[in-house]
Amino acid sequence: MKGESLLNYLYRFFDIIVLFFIVFDFGYDFDKNFTTPHVVGLLILLGFLLFFNIFKFLRYKYKRFKNIAFVNIIIISVLLVLSLIVSLTNIGEPYENILQKIKPILEGGLILYFLLRLFVLVRHIYDVYFNPAIVFVGSFLILALAGAFLLMLPSATTNSISFTNALFTATSSVCVTGLTVVDTSTDFTVMGQSIILVLIQLGGIGILTFTSFFAFFFRGSSSFKEGLNTKDFLAHEGLKDVFRVALNVVVFTLGIEIIGALFIYFSITENSAISNKFFFSLFHSISAFCNAGFSIFSSGLFDQSIRFNYIFQWIIMVLIIFGGLGHHIISNFYKFIKTYILELFKKKIIHKRIPIITLNSKIVIYTTIILLFVGWIFLFISEYSNTLLEHTTVFGKITNAAFNSVTPRTAGFNVVDYTQMTVPSLLFIIFLMWIGASPASTGGGIKTSTFALATLNIFAIARGKSRIEIFGRRFSAESTSRAFAILCISLIVIGIAIMALLILEPKDTPLLTVVFECFSAYSTVGLSLNFTPTLTEASKYVIIAVMFIGRIGMLNLMIGLLRQINHQFYEYPKENILIN
């Protein structure tokens, strides 16, 4: 045991060295960044890591530790072999050029190695502190703070950036909001934009999901504690197959994002304004699926070069909707379609009449379709003689109105100047932002199921019913209570934020602008009436707090802090109060 403890301390020592090397390598852009000692240092570090992991693999007794060491050995070995192949294929060139070509390979592998070690660290936190809600909230907080310090590195920005602006950008990325106080296109380098992209991906799916994925990959099983930490974030009932669900979520997300990036790439091949089309496609695919709303255009998708590319807009819309529905809804319908097709071709299969489409899926799909369709019709009519005038074709007007109905559902991309919209349109967009996407998705807001449940409860009370019934099912009292708690908390948080901004901002600040900003921040949308860049220092921290609360859910935090195991085997006398 003492030997294994010593190995763990050595492991952490190497992790610190790798972290410092990554920060030094990527954070500081030196003129002689490809010098021989620099790359030789990379090779020596990888050599030490390789021999150390081989030693650990031979020394460790537990299977999961051996698996982790084995994966590390594979990664480092592949990097060294690739470097050797590149060196041999360029054997005739000066050694400085060879080192320059193998350096990106070594750096990429070092980052992958460190990320794996980071996920192992998060898994270790599961064992140290056992409270699923606090672990969930803490993972977002740590990720936002780490992202802020990374964005402050010299090579991440074209000019220096303050801690407040870096924290605002990192929080907006992790919470997949999209509000920006600095220009993502001009104020951040490709390195800085890549950091933002990683934060969006980790924040969209959740670092716990990625951690669960790698834990299952290393071990093939899960512990009871890990299952409890992960199941709530994945919205999975029970502890069985929680890690398989995490595996499916990661594979599904990466698959959709890769396909989306390919479609985006082919839709912009003739756009000369985009220099790096590959990075542009990947960035916007991840940003769209995660409902983040970040763009590497200064004016967003309202940029003149992309504003009238309607095919591109439909691709973005599909990605937003897929991300807003979430893996559970998509997989539920996939299972339904798969069963239906199998029954068509295999007549011998007798399907038991058990509903494949769950009540949750039906509620989410119907609510989403109604909101998207009503939003499209309303915005088409209200903006027909306003912002839609610049689109000369009917298809263009339909696309623009549809996009403006989809993007408030926590995505935050803009294809119009929202300051030019009519007041009725802005109020309706605020309503769409407040509802947001679906539960267990990459989006925010109070969620479609919450809004649907609250609406159905109103009709049930009006009809004199004591319970909500639909599709041959009835909702539990716990679901109804939770829905109204979420509604109240959202309005309280947004109301406090509005009052705070009205106090902290100049007196002539329009009320609608402040209200729009606060709803956008809480629902992690990212749309703004050009108000975010003008925020005062104190107001930025208010919006940071609102974005964070909107992403993690205030109710989740309160449950984690206040929930007590208290079995009450008694009841007080019941008495009604006047409610009118």
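Every chain's residues receive numbers from 1 upward, in the order its sequence appears when written. The predicted origin of the model limits local features to residues at a pLDDT of at least 70 and limits the giving and counting of side-chain atom pairs to 80 or more, whereas totals for whole chains, interfaces and linings rest on all residues. As a convention, hydrogens and water are excluded, and side-chain values are obtained from all of the structure's heavy atoms.

K.L.:
Explanation requested: the nonpolar core in the structure shown.
P.N.:
Generally speaking, nonpolar side chains in soluble globular proteins are found buried as a group. Think of a nonpolar core as a cluster: buried Ala, Val, Leu, Ile, Met, Phe, Trp, Tyr and Cys residues, connected wherever their side-chain atoms sit within 4.5 Å. Type-normalised accessible area, obtained with a 1.4 Å probe on protein chains alone, sets the label of each residue: buried when under 20%, exposed when over 50%, and partly exposed for intermediate values. Counting residues in hydrophobic clusters, the biggest one holds 104 residues, and the most contacted among them are Tyr-418 and Phe-516. The contact partners of Phe-516, leaving out residues within four places of it in the chain, are Tyr-418, Leu-426, Ile-429, Ile-430, Met-433, Leu-527, Ser-528 and Leu-529. Grouped together as the second largest cluster of nonpolar side chains are 15 residues, Leu-42, Leu-49, Val-71 and Leu-106 included. Throughout, a contact is declared for two residues whenever any of their heavy atoms are within 4.5 Å.

K.L.:
I tried to follow the packing of aromatic side chains on my own but got confused; where do I start?
P.N.:
Where two aromatic rings form a pair, the distance of their centres and the angle of their planes describe that pair. The aromatic pairing rule takes the rings of Phe, Tyr and Trp, using the six-membered ring of Trp, and pairs them if the centres are within 6.5 Å, calling planes under 30 degrees apart stacked, those over 60 edge-to-face and the rest tilted. Taken as a whole, this structure holds 13 aromatic pairs when the rule is applied. Taken together, a centroid distance of 6.0 Å and an interplanar angle of 65 degrees make the contact between Phe-252 and Phe-289 edge-to-face. Within this pair, whereas Phe-252 is found in helix α10 (residues 242-267), its partner Phe-289 is found in helix α11 (residues 277-289), the two being separated by 37 residues in sequence. For Phe-289, a relative accessible area of 2% translates into the label buried. Taken together, the ring pairs connect Phe-378, Phe-428, Phe-431 and Phe-451 into an aromatic cluster. Numbering of helices and strands runs from the N terminus, with a helix taken as a DSSP run of H or I at least four residues long and a strand as a DSSP run of E at least two residues long.

K.L.:
Teacher, can you tell me more about helix α14 (residues 359-382) here?
P.N.:
Helix span is expected to be 1.5 Å times the residue number reduced by one. If you check α14, its first and last C-alpha atoms are 34 Å apart, about what 24 residues at 1.5 Å a residue would give, namely 34 Å. Along α14, the residues that are buried comprise Ser-361, Ile-363, Val-364, Ile-365, Thr-367, Thr-368, Leu-371, Leu-372, Gly-375 and Leu-379. Considering only its buried residues, α14 is in contact with α12 (310-325), α13 (327-345), α15 (394-406), α16 (423-435), α17 (448-462) and β1 (469-470).

K.L.:
For this particular structure, what's the right way to read empty space enclosed by the protein?
P.N.:
A water-sized probe, rolled over the atoms, reveals where empty space remains. A cavity, in this analysis, means grid points on a 1 Å lattice covering only the protein atoms where a 1.4 Å probe fits yet has no way out; a pocket is instead an open set bounded by protein on both sides within 12 Å along at least five of seven lines, and a residue lines either one if it has an atom within 4 Å of a point. Grid points are joined across faces, edges and corners, and a volume is the space filled by probe spheres set on the points. Overall, the coordinates contain one cavity of 30 Å³ or more when judged by the stated rule. Here the largest cavity is characterised by a volume of approximately 80 Å³. Lining the largest cavity are Asn-291, Ile-320, Ile-321, Gly-324, Leu-325, Thr-368, Leu-372, Val-406, Arg-409, Ala-437 and Ser-438. Looking at the lining of the largest cavity, the elements with two or more residues in it are α12 and α14. Take the lining of the largest cavity: its biggest share by element is four residues, from α12. Amino acid classes used here: Ala, Val, Leu, Ile, Met, Phe, Trp, Tyr, Cys and Pro are nonpolar; Asp, Glu, Lys and Arg are charged; the rest, including Gly, are polar. In terms of residue class, the lining of the largest cavity is made up of six nonpolar, four polar and one charged.

K.L.:
Explanation requested: a nonpolar patch on the surface in the structure shown.
P.N.:
Patches were defined on residues exceeding 30% relative accessible area and lacking a salt bridge, with like-charge contacts within 9 Å and nonpolar side-chain contacts (Val, Leu, Ile, Met, Phe, Trp, Tyr) within 5 Å. The accessible surface values rely on the Shrake-Rupley method and a 1.4 Å probe; as for residues, cover is taken only from the protein chains in view. For this document, the term salt bridge refers to a Lys or Arg side-chain nitrogen within 4 Å of an Asp or Glu carboxyl oxygen. Together, Tyr-366, Ile-370, Phe-373, Val-374, Ile-377, Ile-381 and Phe-471 make up a nonpolar patch on the protein surface, roughly 690 Å² of accessible area in all. Among the secondary structure elements, Phe-373 is positioned in helix α14. With a relative accessible area of 49%, Phe-373 lands in the partly exposed category.

K.L.:
In this structure, what is going on with the side chain of Thr-157? I would like to understand it.
P.N.:
Structurally, Thr-157 is set in the loop between α5 (132-151) and α6 (163-174). Here Thr-157 falls in the buried class, since its relative accessible area comes to 7%. In the analysis that follows, any N or O atom pair within 3.5 Å is treated as a polar contact, provided that within protein one partner can donate a hydrogen and the other can accept it, and provided that, for residues neighboring in sequence, both atoms belong to side chains. Side-chain polar atoms of Thr-157 contact the backbone oxygen of Asn-159, separated by 2.3 Å. If sequence neighbours within four positions are ignored, Thr-157 has contacts with Leu-151, Asp-187, Phe-188 and Thr-189.

K.L.:
Got a minute to help me understand unusual backbone geometry in this structure?
P.N.:
You will see that Val-176, though not glycine, has its phi angle at about 45 degrees, which is positive. You can see Val-176 is positioned in the loop between α6 and α7 (190-205). On the basis of relative accessibility, which here comes to 0%, the residue Val-176 falls in the buried class. Unusually for a residue other than glycine, Thr-524 sits at a positive phi of about 50 degrees. The residue Thr-524 is located in the loop between α19 (511-522) and α20 (537-552) in this model.

K.L.:
In this structure, what is going on with the side chain of Ser-287? I would like to understand it.
P.N.:
Residue position: Ser-287 is located in helix α11. Polar contacts involving the side chain of Ser-287 include one to the main-chain carbonyl oxygen of Phe-294, which spans 2.9 Å. Not counting residues up to four positions away in its chain, the partners in contact with Ser-287 are Ile-200, Ala-292, Gly-293, Phe-294 and Phe-413.

K.L.:
For this particular structure, what's the right way to read the confidence of the model for the chain?
P.N.:
In regions of low pLDDT, the predicted coordinates are not meant to be interpreted in detail. pLDDT gives the predictor's per-residue confidence on a scale running from 0 to 100. Taken residue by residue, the chain gives an average pLDDT of 78. The fraction at 70 or more is 74%. Across residues 214-240, confidence stays below pLDDT 50; counting only partners more than four residues off in sequence or on other chains, it has 66 contacts.

K.L.:
Looking at this structure, how should I read the packing of α6 against α7?
P.N.:
In a packed pair of helices, the relevant descriptors are the angle between the two axes and the axis-to-axis distance. Each axis is a line fitted through C-alpha atoms, taken for helices only over the stretch in contact, and angles between the N-to-C directions span 0 to 180 degrees. Across the interface, α6 lies against α7 with an axial gap of 7 Å and an inter-helix angle of 45 degrees. By the angle between their directions, the pair α6 and α7 is classed as oblique. Contacts between α6 and α7 involve Thr-169, Ala-170, Ser-173 and Val-174 on the former and, on the latter, Ile-196, Leu-199, Ile-200, Gly-203 and Gly-204. Considered class by class, the residues forming the contact of α6 with α7 number five nonpolar, four polar and no charged. Under this scheme an angle from 65 to 115 degrees is roughly perpendicular, one under 35 degrees roughly parallel, and one over 145 degrees roughly antiparallel; angles in between are oblique.

K.L.:
Just checking my understanding: could you explain the pattern of salt bridges for this structure?
P.N.:
Side chains that differ in charge, positive against negative, can pair when their charged atoms come close. Summed over all chains, the structure comprises one salt bridge. Two residues, Glu-390 and Arg-307, come together in a salt bridge whose shortest N-O distance is 3.0 Å. With Glu-390 in the loop between α14 and α15 and Arg-307 in the loop between α11 and α12, this residue pair connects regions lying 83 residues apart in the sequence. Arg-307 gets classed as buried once you look at its relative accessible area, which sits at 10%.

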